[in-house]
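# Analysis of the macromolecular model
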Amino acid sequence: MKRISILVADDEKEIADLIAILLEKEGYHVIKVSDGQEALHVTETKTIDLLILDIMMPKMDGYEVIRHIREGHNMPIIFLSAKTSDFDKVHGLVIGADDYMTKPFIPMELVARVNAQLRRFTKLNQPITNHKKTLEFGGLIISADQRTVHLYGENIELTPKEFDILYLLASHPKKVYSVENIFQNVWGEAYFESGNTVMVHIRTLRKKLEENKQQNKWIKTVWGVGYAFNG
């Protein structure tokens, strides 16, 4: 059975070495790089199952790295950064990260989050048997196999989390999901005051679906409860 490969991109050697020791004890194969360009090169030339990415790195910062990676890869990405503001966390998640941890970090928490992201990613990429593979609602077409969304014939570029939220809601039209339900289903872990994260993703998703022009046609806010797909 193929070992899972994890890329650690961090220019602080002590931190990268510590992470490698922790993950290798879990049985993972770990590759370490110290700058953004090298991180991008490795993801393009090797099979990487999960990426742990610092933001402030030489040659190319983590934000730029993730933008390039998300053009063609869907592996889980965890930001591990000294940037601790809510803005940095939300921005990291919106541009495509699956999780965000701050330094200094609790080693076993990082391991737990890595395991949770890999479980979730494996589950999401199993063949879909209980849901329709393609959902169609008027001009909106959502393909689970290709993970693509088309609106009136135009391809809509979504981050992995935005797609997961949309597919979750659209799979059960009219069903109301609380913010906590959405977080647990999409992020695959316990809810811990992450309501703002969900709301930011909903807001950017609505913008991409041109809901201002459509008068909030697709995603309905049920005040005090959560969100529902209005298909």
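Residues numbered from 1 in each chain as written. Predicted model: local features only at pLDDT ≥ 70, side-chain atom pairs only at ≥ 80, totals over all residues. Heavy atoms only, no water.

Named according to an unreviewed UniProt entry, the chain is DNA-binding response regulator originating from Peribacillus muralis. Taken directly from UniProt, the Subcellular location (unreviewed entry) text for the chain runs: "Cytoplasm". (UniProt positions renumbered as here; feature names shortened; annotations may be inferred.)

## Quick look at the pairing of strand β4 (residues 77-81)
Among the five residues of β4, five are classified as buried, and the element is accordingly described as predominantly covered. Residues Ile77, Phe79 and Ser81 of β4 are buried on one face, and the alternating residues Ile78 and Leu80, pointing to the opposite face, are buried as well. For the crossover from strand β3 (residues 50-53) across helix α3 (residues 62-69) to β4, the handedness is right-handed. Relative to strand β5 (residues 99-102), β4 runs parallel, the two sharing four bridges. Looking across to β5, one finds that phenylalanine 79 is bridged to tyrosine 100. In terms of handedness, the path from β4 via helix α4 (residues 86-94) over to β5 forms a crossover that is right-handed. (Buried < 20%, exposed > 50% of the residue type's maximum accessible area, 1.4 Å probe, protein only. Helix = DSSP H or I, 4+ residues; strand = E, 2+ residues; numbered from the N terminus. Right-handed = clockwise from strand over helix to strand, strands pointing away. Pairing = 2+ DSSP bridges.)

## Topic: the packing of helix α6 (residues 160-170) against helix α7 (residues 179-187)
Between α6 and α7, the shortest axis-to-axis distance is 10 Å and the interhelical angle comes to 120°. It follows that α6 is oblique to α7 by the angle criterion. Handedness of the crossing formed by α6 with α7: right-handed. In contact with Lys161, Asp164, Ile165, Leu168 and Leu169 of α6, α7 contributes Ile182, Asn185, Val186 and Trp187. Taken together, the residues of the contact of α6 with α7 break down into six nonpolar, one polar and two charged. (Axes fitted to C-alpha atoms, helices over the stretch in contact; angles between N-to-C directions. Parallel < 35°, antiparallel > 145°, perpendicular 65-115°, else oblique. Left-handed = near helix turned anticlockwise from the far one by under 90°. Contact = heavy atoms within 4.5 Å. Nonpolar A, V, L, I, M, F, W, Y, C, P; charged D, E, K, R; others polar.)

## A look at the packing of helix α2 (residues 36-45) against α3
Between α2 and α3, whose axes approach to 9 Å, the crossing angle comes to 20°. With respect to each other, α2 and α3 are oriented roughly parallel. The chirality of how α2 crosses α3 is right-handed. From α2, Gly36, Ala39, Leu40 and Thr43 reach across to α3, where they touch Val65, His68 and Ile69. In terms of residue class, the contact of α2 with α3 is built from four nonpolar, three polar and no charged.

## A word on unusual backbone geometry
Here lysine 103 and proline 104 are connected by a cis peptide whose omega angle stands at -5°. Looking at the secondary structure, you find proline 104 in the loop between β5 and α5 (107-124). Backbone geometry at lysine 59 places phi at a positive 70°, although glycine is not the residue there. Among the structural elements, lysine 59 can be located in the loop between β3 and α3. Lysine 59 gets classed as exposed once you look at its relative accessible area, which sits at 64%. In this model, tyrosine 152 sits at a positive phi of 50°, which is unusual for a non-glycine residue. Structurally, the position occupied by tyrosine 152 is in the loop between β8 (148-151) and β9 (154-156).

## Description of the sheet that holds β5
Spatially, five strands are ordered β2-β1-β3-β4-β5 in an open sheet, and the strand pairing comes out parallel. A strand with exactly one partner marks an edge of an open sheet, and here the two such strands are β2 (29-33) and β5. Neighbour-to-neighbour, the strand axes of the sheet open up by a mean angle of 20°, direction not taken into account. Inspection of the sheet shows β3 paired to β4 by three bridges, in the parallel sense. Bridge pairing in β4 links leucine 53 to phenylalanine 79. On the sheet, α3 packs against β3 and β4 and is oriented at approximately 175° with respect to β4. Packed on one face of the sheet, α4 meets β4 and β5 and runs near 150° to β5.

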